[in-house]
Amino acid sequence: MERIRVASLQYYIRPVDSFEQFRDQVASLVQTAADYRTQLVVFPEYFTCQLLTLGDVKQPITEQIRRLAEQVPRYQEVLAEQARLHGVYIVGGSIPVVRDGNVYNCCFVFSPQGLVGEQAKLHTTRWESEDWHISQGERLRIFETPWGRMAVNICYDVEFPEIARVAARQGAEVLVVPSCTDDRQGFLRVRYCAQARAIENQMYVVHSGTVGSLPMVPAVSLNYGQASILTPSDFSFARDGILAEGVPNQESMVIGDLNLDLIRESRERGTVLPLRDSQRTAEVLAHTDQVTL
């Protein structure tokens, strides 16, 4: 039986006095997850914004974001070391990255063997594009792991069903959704869409979010989050399509075992077969008619 134990974080973002304080918070969470014998640990989008409190938070936010991008090498070193030390895969939330003068919101995936993958956010929210001047990524990546294929949708990206559908058709059985949402409405947009992606693609969805606050930093001054592990809605899975979830807005992690054999079986013999049957969608849409009433 193919199983993987996953830890999804409700990560508490708080001001830090040093990079070492940030490092210690990250390390303690990975250590805890490893104590529960997890194989995959998921951090949320923009949890790295804690590091903005090490600089001048009164600077224009666009300058602060570029300063945060300077921390990418140290951030990567910390998570790569934790992945190696504990023998776990880590989806490292996200951090701004500067390339060719543009800033991207990037998620790095770390393997115990020292390999690093990257997924840029493909759709930026209004505050990212208008206020933070974040550029959109251009490419979806599918990550090969010992237990199967995995894809990452960073927050807003999960609200675009075509992305997860492409990943599922390329064999992804786990979709990871690191998010950062400031209010309940924003959180629920991501959560409802994450649940829909689990159902329509017959895949597990691991959702991780920020909680806590950084009052001095725009867009993350407040956070509303609830981590969860979501499943398809069928007899073989959790009763309400929720394998595990946290208590909203509390610092914690949720842990669950993903039975990948159930995903493979459901895609072949489920009560309904939405992933297989979605192949008909293009045929139907090619014959769309307008009717005047």
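In what follows, the structure referred to is the one given above.
Rules used in this analysis
- Throughout this document, residue positions are counted from 1 along each chain, in the order its sequence is written.
- Since the coordinates come from a predicted model, pLDDT governs what is reported: local features require at least 70, and pairs of side-chain atoms require 80 or more to be given and counted, while whole-chain, interface and lining totals use all residues.
- Heavy atoms from the whole structure form the basis of all side-chain values; hydrogens and water molecules are not counted.
- Counting from the N terminus, the helices are the DSSP runs of H or I reaching at least four residues and the strands are the DSSP runs of E reaching at least two.
- The globule rule used here is 2.2 Å times the number of residues to the 0.38 power, and the radius of gyration it is set against is calculated over C-alpha atoms.
- Any residue under 20% of the maximum accessible area for its type is buried, any over 50% is exposed, and the rest in between are partly exposed; the area is computed with a 1.4 Å probe on protein chains only.
- Two residues qualify as a contact provided that any one of their heavy atoms is within 4.5 Å of a heavy atom in the partner residue.
- Where accessible areas are quoted, they stem from the Shrake-Rupley method and a 1.4 Å probe; at the residue level, only the protein chains shown are allowed to cover.
- The positive count covers Lys and Arg only, the negative count covers Asp and Glu only, and His and the chain ends enter neither.
- Where a charge lies is defined by one atom per residue type, namely NZ (Lys), CZ (Arg), CG (Asp) and CD (Glu).
- Pairing of aromatic rings covers Phe, Tyr and Trp, the last through its six-membered ring, and needs centres within 6.5 Å; plane angles under 30 degrees mean stacked, over 60 mean edge-to-face, and all others mean tilted.
- In this scheme, Lys NZ or Arg CZ marks a charge over a ring once it lies within 6 Å of the ring centre and within 35 degrees of the ring normal.
- For cavity detection a 1 Å grid was placed over the protein atoms alone, and a set of points counts as a cavity when a 1.4 Å probe fits there but cannot get out; an open set counts as a pocket when protein lies on both sides within 12 Å along at least five of seven lines, with lining residues being those that have an atom within 4 Å of a point.
- Grid points are joined across faces, edges and corners, and a volume is the space filled by probe spheres set on the points.
- Basically, the charged four are Asp, Glu, Lys and Arg, the nonpolar ten are Ala, Val, Leu, Ile, Met, Phe, Trp, Tyr, Cys and Pro, and anything else, Gly included, counts as polar.
- Joining through side-chain atoms within 4.5 Å is the link that ties buried Ala, Val, Leu, Ile, Met, Phe, Trp, Tyr and Cys residues into a set, and such a set is a nonpolar core.
- Two strands qualify as a pair provided that DSSP identifies no fewer than 2 bridges between them.
- Note on definitions: angles span 0 to 180 degrees between N-to-C directions of axes, and those axes are lines fitted to C-alpha atoms, for helices only across the stretch in contact.
- Working rule for angles: under 35 degrees goes down as roughly parallel, over 145 as roughly antiparallel, 65 to 115 as roughly perpendicular, anything else as oblique.
- Definitions for this section: a left-handed crossing has its near helix turned counterclockwise from the far helix by less than a right angle. A right-handed crossing has that turn clockwise.

Student: Teacher, can you tell me more about the overall build of the chain here?
Tutor: When its secondary structure is counted, the chain shows nine helices and 14 strands. Computed over the C-alpha atoms, the radius of gyration of the chain is 19 Å, within 12% of the 19 Å expected from 2.2 N^0.38 for a compact globule of 293 residues. Along the three orthogonal principal directions, the C-alpha set of the chain runs to about 55 × 55 × 35 Å. Counting across all 293 residues of the chain, residues that qualify as buried make up 54%. Taking contacts inside the chain between residues at least 6 apart in sequence as the whole, the part at least 24 apart equals 69%. Counting every atom, the chain has about 13,600 Å² of accessible surface; 48% of that belongs to carbon and sulfur. Both charge centroids of the chain, one from 28 positive and one from 36 negative side chains, sit 3 Å from each other.

Student: Sorry, what's going on with the packing of aromatic side chains here?
Tutor: The way to describe two aromatic rings as a pair is by their centre distance and the angle between their planes. What the rule picks out here adds up to 15 aromatic pairs. Ring geometry for Tyr204 against Phe237: centres 5.9 Å apart, planes inclined by 80°, an arrangement best described as edge-to-face. One end of the pair, Tyr204, is in strand E11 (residues 204-212); the other, Phe237, is in the loop between strand E12 (228-230) and strand E13 (242-245), with 33 residues separating them in the sequence. Above the plane of the ring of Phe19 lies Arg74, whose end atom (NZ or CZ) is 3.9 Å from the centre.

Student: Would you explain the layout of surface pockets in this entry?
Tutor: Taking a probe equal in size to a water molecule and rolling it over the atoms shows the remaining empty space. A volume near 270 Å³ is recorded for the largest pocket. Around the largest pocket, the lining comprises 15 residues; the ones closest to its centre are Thr125, Trp127, Thr181, Gly186 and Arg189. Examining the composition of the lining of the largest pocket, we find that three residues originate from one element, helix H6 (residues 184-201), more than from any other. Residue composition of the lining of the largest pocket, by class: six nonpolar, three polar and six charged. By volume, the second largest pocket is sized at about 220 Å³. If you trace the second largest pocket, you find it lined by Arg99, Asp100, Tyr104, Cys106, Glu118, Ala120, Gly137, Glu138, Arg139 and Arg141. Listing elements by their share of the lining of the second largest pocket, those giving two or more residues are strand E5 (102-110) and strand E6 (116-120).

Student: Is there a simple way to think about the environment of Ile142 in this case?
Tutor: With respect to the helices, strands and loops of the structure, Ile142 is situated in strand E8 (residues 142-145). Distance from Ile142 to Pro218, taken between C-alpha atoms, is 32 Å for residues 76 residues apart in sequence. If sequence neighbours within four positions are ignored, Ile142 has contacts with Arg149, Met150, Ala151, Ala167 and Gln170.

Student: How should I be thinking about helix H5 (residues 161-169) in this particular structure?
Tutor: Residues spaced three or four apart along an α-helix face the same direction, because each turn holds 3.6 residues. Within the sequence span of H5, burial applies to Ile163, Ala164, Arg165, Ala167 and Ala168. Looking at the packing, one finds that the buried side of H5 touches E8, strand E9 (148-152), strand E10 (172-179), H6, helix H7 (260-269) and helix H8 (274-277).

Student: Mind showing me how you'd approach the nonpolar core here?
Tutor: Note that soluble globular proteins tend to have their nonpolar side chains buried in a common cluster. One finds Tyr11, Val26, Phe43, Phe47 and Ile90 to be the most contacted residues of the largest nonpolar core, which totals 43 residues. Counting only elements with at least two residues in this core, the list comes to strand E1 (3-13), helix H1 (19-35), strand E2 (40-43), helix H2 (61-69), helix H3 (72-86), strand E4 (95-99) and E5. Considering each element in turn, this core owes the most residues, six residues, to H1. Ignoring anything within four residues of it in the chain, the contact list for Ile90 reads Val30, Val41, Phe43, Leu79, Gln82, Ala83, Phe108, Val109 and Phe110. In terms of nonpolar packing, the next biggest core, distinct from the first, is built from 42 residues, Met150, Ala194, Val206 and Phe237 among them.

Student: I would appreciate a short explanation of the pairing of E5 in the present structure.
Tutor: Of all nine residues that make up E5, eight are buried, and the element is covered over most of its length. Examined bridge by bridge, strand E3 (residues 89-92) and E5 share two bridges and lie antiparallel to one another. When the sheet's bridge partners are listed, Val91 is paired in E5 with Val109. Hairpin connection between E4 and E5: a loop of two residues separates the two successive antiparallel strands, and Asp100 in this loop has a positive phi of roughly 50°. Two strands pair when backbone bridges link them, and E5 and strand E7 (residues 134-135) are joined in this way by two bridges, in the parallel orientation. When the bridges of E7 are listed, Val103 appears paired with Ile134.

Student: Looking at this structure, I do not really get the packing of H1 against H3. What am I missing?
Tutor: Helix packing for two helices is described by the angle between their axes and how far apart those axes are. Interhelical geometry of H1 versus H3 gives an angle of 25° and a closest axis separation of 10 Å. Classified by the angle their axes make, H1 and H3 are roughly parallel. Once H1 is placed against H3, the crossing between them reads as right-handed. Contacts between H1 and H3 involve Phe19, Glu20, Arg23, Val26, Ala27, Val30, Gln31 and Ala34 from the former and Arg74, Tyr75, Val78, Leu79, Gln82 and His86 from the latter. For the contact of H1 with H3, a count of residues per class yields eight nonpolar, three polar and three charged.

Everything listed is a geometric property; what it means functionally is a separate question.
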